[in-house]
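Structure at a glance
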Amino acid sequence: MKRKMKILIDIVMYFIFIYLMSYRAGRGLLLHGVLGCILFGLFLLHHILNLTWYRGILKGGYSFTRAALFFTDFLLLADMAVMMISSVQMSGDVFAFSPFVATQSARNLHVCGTAWGFVWMAFHLGFHTHGFFRRLYRKTKDTFFGYTYVFLFLLVWAAGIRCFMVSEI
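Here's what I pulled together on the structure shown here.

About the cut-offs
- Residues numbered from 1 in each chain as written.
- Predicted model: local features only at pLDDT ≥ 70, side-chain atom pairs only at ≥ 80, totals over all residues.
- Heavy atoms only, no water.
- Helix = DSSP H or I, 4+ residues; strand = E, 2+ residues; numbered from the N terminus.
- Buried < 20%, exposed > 50% of the residue type's maximum accessible area, 1.4 Å probe, protein only.
- Polar contact = N/O pair within 3.5 Å; in protein donor to acceptor, adjacent residues only side chain to side chain.
- Contact = heavy atoms within 4.5 Å.
- Patch = residues over 30% accessible without salt bridge, like charges linked within 9 Å, V, L, I, M, F, W, Y side chains within 5 Å.
- Areas by Shrake-Rupley, 256 points an atom, 1.4 Å probe, with all protein chains shown as cover.
- Salt bridge = Lys/Arg side-chain N within 4 Å of Asp/Glu carboxyl O.
- Lys, Arg positive; Asp, Glu negative; His and termini not counted.
- Charge placed at Lys NZ, Arg CZ, Asp CG, Glu CD.
- Core = buried A, V, L, I, M, F, W, Y, C linked by side-chain atoms within 4.5 Å.
- Phe/Tyr/Trp six-rings, centres within 6.5 Å; stacked < 30°, edge-to-face > 60°.
- Axes fitted to C-alpha atoms, helices over the stretch in contact; angles between N-to-C directions.
- Parallel < 35°, antiparallel > 145°, perpendicular 65-115°, else oblique.
- Nonpolar A, V, L, I, M, F, W, Y, C, P; charged D, E, K, R; others polar.
- Left-handed = near helix turned anticlockwise from the far one by under 90°.

As a further point, take the side chain of histidine 110. Secondary-structure assignment places histidine 110 in helix H5 (residues 104–140). The class of histidine 110 is buried, set by a relative accessible area of 14%. For histidine 110, the side chain forms a polar contact with the side chain of serine 86, separated by 3.0 Å. With sequence-adjacent residues up to four places away left out, histidine 110 is seen in contact with His32, Met83, Ser86, Ser87 and Met90.

Below, the structure is given as structure tokens:
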């Protein structure tokens, strides 16, 4: 049950993050701020449910994969902190009580942090879903579904690189 709850929280976090990245002024800053707060709460819950990961940091040896996962998770954690702090610094709707004055540098930091957060999140998801997709590919590799899977993977990969380059972040 705990595993299913963790997966559900991860999926909800992913879709909220994608929606927040597609922010346009016409949708309203209040909704953006509220969803950002929900994402922050789910992020905290994600870490609470994964406390065993923190307990195991100093245990055992570090293979390249484990070190890369730790490095990615650390950068994602730091980046999420940057996004949260910069959002409080520039928010006037959700954090009206904040003593910070909204500045362009806080917005730039927030946008840049979001873009890099997406990159680190993609690595994080890739590390955690690699086994599942490898098993799926092995079962379907010489079928129509297998070829479609590889084509869609390459299409999404190319689109992601193009979007990252077009955004000039």
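Don't stop here, the text continues.
Before going further, it helps to examine a positive patch on the surface. Judged by side-chain charge, Arg3, Arg134, Arg135, Arg138, Lys139 and Lys141 come together as a positively charged surface patch. Of the residues forming the positive patch, the biggest block, four residues, is contributed by H5. Position of arginine 138 among the secondary structure elements: in helix H5. By relative accessible area, arginine 138 is classed as exposed at 57%.

Our next topic: the nonpolar core. By size, the foremost hydrophobic cluster in this structure holds 16 residues, and its most contacted members are Met13, Ile16, Leu39 and Met80. Residue contacts for leucine 39: discarding those within four places in its chain leaves Met13, Ile16, Phe17, Leu20 and Met80.

With that out of the way, let us pick up the packing of aromatic side chains. Going through the model one piece at a time under the given rule, you end up with six aromatic pairs. Ring plane angle 80 degrees and centroid distance 5.1 Å describe the contact between tryptophan 53 and tyrosine 54, whose orientation is recorded as edge-to-face. Judged by its relative accessible area of 30%, tryptophan 53 falls in the partly exposed class. Taken together, the ring pairs connect Trp53, Tyr54, Tyr62 and Phe70 into an aromatic cluster.

What follows is about the packing of H5 against helix H6 (residues 144–166). Following both chains from N to C, one finds H5 and H6 inclined at 170 degrees, their axes separated by 12 Å at the closest point. Here H6 runs roughly antiparallel to H5, going by the angle between their axes. Along its contact with H5, which presents Ala115, Trp116, Val119, Phe133, Leu136, Tyr137 and Thr140, the element H6 presents Phe145, Gly146, Tyr149, Val150 and Phe164. Each residue belonging to the contact of H5 with H6 can be placed in one class, and the counts come to ten nonpolar, two polar and no charged.

What follows concerns the packing of helix H4 (residues 64–90) against H5. One can describe the packing of H4 onto H5 by two numbers: an axis separation of 8 Å at closest approach and a directional angle of 150 degrees. On the basis of the axis angle, H4 is roughly antiparallel to H5. In this structure, H4 meets H5 at a crossing whose hand is left-handed. Taken together, the residues that form the contact of H4 with H5 break down as 14 nonpolar, eleven polar and three charged.

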